[in-house]
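# Structural overview
Listed below are the residues making up each chain.
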Amino acid sequence: MGADLHDIRYVRIGTEDLDESIRFATQMLGLELVGREASAAYLRGDDRDHNICYVRGREAGHVLGFEMKDMAALDAAAAMFEDAGVPVRHGTSDEREQRRVRGLVTIKDPTGNVIDLVARPAASGKRYYGTRDAGITSFSHVGLRTADAQADERFYTTLLNAKVSDWIGDAALLRIDEVHHKIALFPSTFAGVQHVNFQVESQDDIMRSWYFLQNHNVRIVFGPGRHPTSGARFLYFMGPDGIVYEYSTGVRMITAEDEKTYVPRSFPAVPSSFCMWGSLPDIPEFKTEPDIARAA
Ligand SMILES: [Fe+2]
């Protein structure tokens, strides 16, 4: 009865300093600036129209956008959410224009994360051309804060047909296609985007960026390391407004054939569940009970 998400599409991030967010995203992260307005900037790391829209003012909050297969699927999803008692807001023409989409409805998950469901997003006729050679191949997933991991998991798996790929502690890593996860839930006390992931071509890109970012005084908060869940090699670093960015490569695919036998695994909330190489996170939402005990 739930709605199928076709793909992850964008994040919108309210920022204290729009110019600084653009500088970081282009010069450090390696994104391409594709549009600049008085109070918003559009950037991308793949062939989509845009992956991130920075909006002037932190009060704009965070929004995660998912593409539905077509307009009919979007309408059906809106009706389904209304039936399920989830408040649905239909986007105005201005809001659709700001998001470069033809169809838009907005809902919230139980924690209060704002989710745009969109149809017919603008296609781009140009390939992505990064500001620096970070090796980015695509915008891939978002870490979302969850104040109630079970309620949010139920929301995404029943109303939006996501599947649990694995858990770390209480929190689920959720897939909507073959990629191991496109949504990762992390326990928190408030709603919002916790990290933004871009896939890079190889481990060489991760190591090159590790040195590049350190040389440019960007704070590395986790890695280089390897997730035992998805198998991806990763690097996490801190951007403006407290947003963590991640490069990763080699994420596990759960194919249609794998689906027949795949069973999600329950990893305990210990450091080795986040990194099988031994790197320890400097990210509050990745802190595990032993970390907290050590810090106390
Ligand atoms: Fe991630």
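Within every chain, residues take consecutive numbers counted from 1 along the sequence as written. The predicted nature of this model means local features are confined to residues of pLDDT at least 70 and side-chain atom pairs, given and counted, to a pLDDT of 80 or more, with totals for whole chains, interfaces and linings taken over all residues. Heavy atoms from the whole structure form the basis of all side-chain values; hydrogens and water molecules are not counted.

Under an unreviewed UniProt entry, the name given to the protein is 2,3-dihydroxy-p-cumate/2,3-dihydroxybenzoate 3,4-dioxygenase, and the source organism is Rhizorhabdus histidinilytica.

The next thing to look at is the coordination of the iron ion. Keep in mind that water is not among the atoms, so a site may look incomplete; donors are the N, O and S atoms within 2.8 Å of the metal, or 3.2 Å for Na, K and Ca. Only His141 (NE2), His195 (NE2) and Glu246 (OE) from the protein reach the iron ion as donors, at distances of 2.0 to 2.2 Å. Along the chain, the residues donating to the iron ion fall in the pattern H-x53-H-x50-E. Separated by 105 residues along the polypeptide, His141 in strand 9 (residues 136–146) and Glu246 in strand 16 (residues 244–249) bring together distant segments of the chain. You'll find His141 and Glu246 in the same group, each marked buried. Helix numbering and strand numbering both begin at the N terminus, where a helix is a DSSP run of H or I of at least 4 residues and a strand a DSSP run of E of at least 2. Here the term buried applies to any residue with accessible area under 20% of the maximum for its type, exposed to any over 50%, and partly exposed to those in between, with areas from a 1.4 Å probe on protein chains only.

To continue, consider the pairing of strand 8 (residues 114–121). Of all the eight residues making up strand 8, six are buried; the element is thus mostly covered by neighbouring parts of the structure. The pairing of strand 5 (residues 62–67) with strand 8 spans five bridges and is parallel. Each bridged residue has a counterpart across the sheet, and for Leu64 the counterpart in strand 8 is Ile115. One ladder, built from seven bridges, connects strand 7 (residues 101–108) with strand 8; its direction is antiparallel. Each bridged residue has a counterpart across the sheet, and for Leu104 the counterpart in strand 8 is Val118. Strand pairing follows a simple DSSP-based rule, namely that at least 2 bridges must link the two strands. Between strand 7 and strand 8, which pair antiparallel and follow one another directly, the connecting turn spans five residues, one of which, Gly112, has a positive phi of 110°.

Mapped onto this numbering, the UniProt entry gives "domain: VOC" (unreviewed entry) at residues 7–120 and 138–250. In this annotation, residues 7–120 is assigned 28% helix and 41% strand; the end-to-end C-alpha distance for the span is 12 Å. With 21% helix and 46% strand, residues 138–250 has its two end C-alpha atoms placed 12 Å apart. UniProt positions are given in the numbering used here, feature names are shortened, and annotations may be inferred rather than shown by experiment.

Another point: helix 2 (residues 71–83). Under the 1.5 Å per step criterion, the end-to-end length of helix 2 is 18 Å for 13 residues, consistent within 8% with the ideal 18 Å. Listed in full, the buried residues belonging to helix 2 are Leu74, Ala77, Ala78, Met80 and Phe81. Relative to the axis of helix 2, the buried residues are bounded by an arc of 165° and lie together on one face. For helix 2, the exposed residues lying more than 90 degrees away from the buried face are Ala72, Asp75 and Asp83. On the buried face of helix 2, the contacting elements are strand 6 (89–90), strand 7, strand 8 and helix 4 (149–159). Near the N-terminus of helix 2, the side chain that reaches the backbone nitrogen of Ala72, with its oxygen 3.3 Å away, is that of Asp70. Looking at the residues trailing helix 2, positive phi occurs at Gly85, about 85°. To estimate how far a helix should extend, the number of its residues minus one is multiplied by 1.5 Å. The arc under discussion is defined with respect to the helix axis, by the directions toward the C-beta atoms. Residue contacts are counted whenever heavy atoms from the two residues lie within 4.5 Å of one another. Identification of polar contacts relies on pairs of N or O atoms within 3.5 Å, with a donor-acceptor requirement for protein atoms, meaning one able to donate a hydrogen and the other able to accept it, and with residues adjacent in sequence counted only if both atoms are side-chain atoms.

A few words now on the side chain of Asp116. With respect to the element layout, Asp116 can be found in strand 8. A residue is classified by how much of its surface remains accessible, and Asp116, at 0% relative accessible area, is buried. Looking at Asp116, its side chain comes within polar contact range of the side chain of Arg99, at 2.6 Å. When sequence neighbours within four positions are dropped, the list of residues in contact with Asp116 reads Tyr10, Arg12, Val63, Leu64, Gly65, Phe66, Arg99, Leu104, Val105 and Thr106.

Phe81, Leu117, Tyr156, Val196, Tyr245 and Tyr247 are the most contacted members of the largest nonpolar core, which has 61 residues in total. With six residues, helix 1 (residues 18–29) is the largest single contributor of residues to this core. Note: domain ranges come from an automatic or database domain assignment. Formed jointly, this core draws a minimum of three residues from each of two domains, domain 1 (7–121) and domain 2 (136–295). Those residues in contact with Leu117, other than ones at most four positions away along the chain, are Leu5, Phe66, Met68, Leu74, Ala77, Phe81, Gly103, Leu104, Val105, Ile107 and Leu160. Here, nonpolar core means buried Ala, Val, Leu, Ile, Met, Phe, Trp, Tyr and Cys residues that are tied together by side-chain atoms lying within 4.5 Å of each other. Counting residues in hydrophobic clusters, the runner-up holds 14 residues, among them Ile168, Leu173, Val221 and Ile283.

To continue, consider the sheet that holds strand 7. What the eight strands build is an open sheet, ordered 2-3-4-1-5-8-7-6; its pairing is mixed. Whereas interior strands pair on both sides, the edge strands pair on one side only; in this sheet they are strand 2 (32–36) and strand 6.

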